[in-house]
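Analysis of the macromolecular model
Each chain, written out:
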Amino acid sequence: MHPSPFQRTPLAAGPAFADRTAELARVVHAFATPGSALVLYGPRRMGKSALLHEAARRVSARHRRVAIVDLATAVDAPDAVRRLLVAVRGAVGHTWQSLLHAVAAKLQLSVTLTPNPDGTSLPGITLGVDSRAAERAGLFTDALVAIDAELNRRKLQLALGLDEFQRLLAWGGDDVEWALKAALERSSRIAWVMSGSATTLIEDMVTNRTRAPWKLADHLRLGPVPADEFAVWISARARRGAGRIPAAVAQDIVRLAGPRTRDIVTLAHATWRLASASRSAANALTAMDDLVRETSAPYERAWLQLTQREQRILRLLASQPEVQLTAEGIRREHYLGAASSIGVALSGLRKKGLLADERGQPRFDDPFFLRWVTLSST
Ligand SMILES: Nc1ncnc2c1ncn2[C@@H]1O[C@H](COP(=O)(O)OP(=O)(O)OP(=O)(O)O)[C@@H](O)[C@H]1O
Ligand SMILES: [Mg+2]
């Protein structure tokens, strides 16, 4: 069987990366402008990281130095600094070792380089951080300032992408925001792109006038790829493999999967796989149902952890997306209890990431979980 033309891991790149022409141009421009900062934000699974990496790929093809730091899985500030140093090492090349030691000296950190067992790739970096340094809210931003100063000494420029940068704020709160402001103001050698998915937090940050640090940064909210364009791209892309996805089926895929890029690519892959394996006409809903059955374990687990009221609410929203949950007739007919209890259940479902609000109405966050609830209701 041909490899799938719909790539989810590693992140879609090159021809597997759909559309986003205008957004790519903005991020590429930001990466090419030292001293500038762009905040890229949007809902989960929309394609922020893929956009960041695709822009970085294009910028590095023009011989610019690019480092991307993923803060999503960093455990604390010292771990984030280690990741930063590893990423910068990849970008600055042969001068990195002296740069690393200069930065570490400024931060009063000890740095150990541990050889990789295979002996081929660059050694790993271990950071010795004394506990006072680790508690410093500005450890990461101090590292950025020190890197900028070292770049300045060497007359080098760096495009720096910080993915899920709002984690820095989670570790250090307001202090980090101000430290980041100072770092942005002082930096002349770094072109910053910071991306993150805690949409309300970031939206509040970039639009709230009292949060001064963010006045310095430009911002770009990543929305869905336009449905028609995505459908055309899916059909064209499927032609590279053995499975055909006609235009009407591509439109079904985009409609069933909803607005998030990852969900659309996932369903396109499942539809393409089914069509090429069975050599039958592609069908998006059959592919979705196959996929939901195959991957039902996490949905079952999530379901079993819900209260009865939460389960009833989800069933109801799956069959009637526009239902007014607090209407008296609905509450009585579906045993939902008092309006205040419904409010508690809804906020529990939002906290668990199962529901998200869209223009005041609660909606399933994950179209595959929505389908699982529908299939398991009968
Ligand atoms: N423009 C695109 N064309 C094709 N596939 C894409 C595109 N953008 C993203 N993808 C794919 O969609 C999936 C989700 O993208 P990505 O991880 O970039 O989203 P994200 O917004 O960073 O999500 P998260 O909030 O989980 O960090 C990935 O598998 C990626 O390969
Ligand atoms: Mg991401």
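From a predicted model like this one, the values you see are computed outputs, not experimental measurements.

So, the environment of Ala104
Secondary-structure assignment places Ala104 in helix α4 (residues 96–107). Note on Ala104: relative accessible area 5%, which makes it buried.

Observations concerning the packing of aromatic side chains
The final tally for this structure, using the stated rule, is seven aromatic pairs. Measuring from centroid to centroid gives 5.9 Å for Phe369 and Trp372, while their planes differ by 10°, and the two rings are stacked. With a gap of three residues between them, Phe369 and Trp372 both fall in helix α18 (residues 367–375), about one helical turn apart. Summarising the burial analysis for this pair, Phe369 and Trp372 share the class buried. Taken together, the aromatic side chains of Tyr299, Trp303, Phe364, Phe369 and Trp372 make up a single cluster linked through ring pairs.

Remarks on the site of ligand 1
Neighbouring ligand 1 are 20 residues; Ala12, Ala18, Arg44, Lys48 and Ala50 lie closest to it. Here a nitrogen atom of ligand 1 sits 2.7 Å away from a polar atom, N or O, in the main chain of Ala18. At 3.1 Å, a backbone N or O of Met46 approaches an oxygen atom of ligand 1. When ligand 1 is considered free in solution it has 630 Å² of accessible area, and contact with the protein chains removes 93% of it. Among the secondary structure elements, those contributing two or more residues to the shell around ligand 1 are α2 (48–61) and α12 (261–278). Of the residues in the shell around ligand 1, the class split is eight nonpolar, five polar and seven charged. If you count residues domain by domain, the shell around ligand 1 takes at least three from each of domain 1 (20–221) and domain 2 (227–294).

Quick look at the sheet that holds strand β6 (residues 190–196)
By definition, the strands of a sheet pair up through backbone hydrogen bonds, in either a parallel or an antiparallel sense. If you trace the five strands from one edge of the open sheet to the other, you get β2-β5-β6-β1-β7, paired in parallel fashion. Looking at the sheet topology across the chains shown, the edges are occupied by β2 (66–70) and β7 (218–221). Between one strand and the next, the sheet's axes are offset by a mean angle of 15°, whatever the strand orientation. Direction of pairing for strand β1 (residues 37–41) relative to β7: parallel, over a ladder of four bridges. What sits directly across from Leu38, in β7, is Asp218. Together, β5 (158–163) and β6 form the strand contacts of helix α6 (residues 139–154), whose direction differs from that of β6 by roughly 155°. This element, helix α8 (residues 174–186), spans β1 and β6 of the sheet and lies at about 150° to β6.

Remarks on the domain arrangement of the chain
Accessible area lost upon the coming together of the parts serves often as the stated size of an interface. In terms of domain boundaries, the chain breaks down into domain 1 (20–221), domain 2 (227–294) and domain 3 (297–375). Measuring from the centre of the C-alpha atoms in domain 1 to the corresponding centre in domain 3 gives 38 Å.

How each quantity is defined
- Residues numbered from 1 in each chain as written.
- Chains lettered and ligands numbered in written order.
- Predicted model: local features only at pLDDT ≥ 70, side-chain atom pairs only at ≥ 80, totals over all residues.
- Heavy atoms only, no water.
- Helix = DSSP H or I, 4+ residues; strand = E, 2+ residues; numbered from the N terminus.
- Buried < 20%, exposed > 50% of the residue type's maximum accessible area, 1.4 Å probe, protein only.
- Phe/Tyr/Trp six-rings, centres within 6.5 Å; stacked < 30°, edge-to-face > 60°.
- Near = heavy atom within 4 Å.
- Polar contact = N/O pair within 3.5 Å; in protein donor to acceptor, adjacent residues only side chain to side chain.
- Areas by Shrake-Rupley, 256 points an atom, 1.4 Å probe, with all protein chains shown as cover.
- Nonpolar A, V, L, I, M, F, W, Y, C, P; charged D, E, K, R; others polar.
- Domains from an automatic or database assignment.
- Pairing = 2+ DSSP bridges.
- Axes fitted to C-alpha atoms, helices over the stretch in contact; angles between N-to-C directions.
- Contact = heavy atoms within 4.5 Å.

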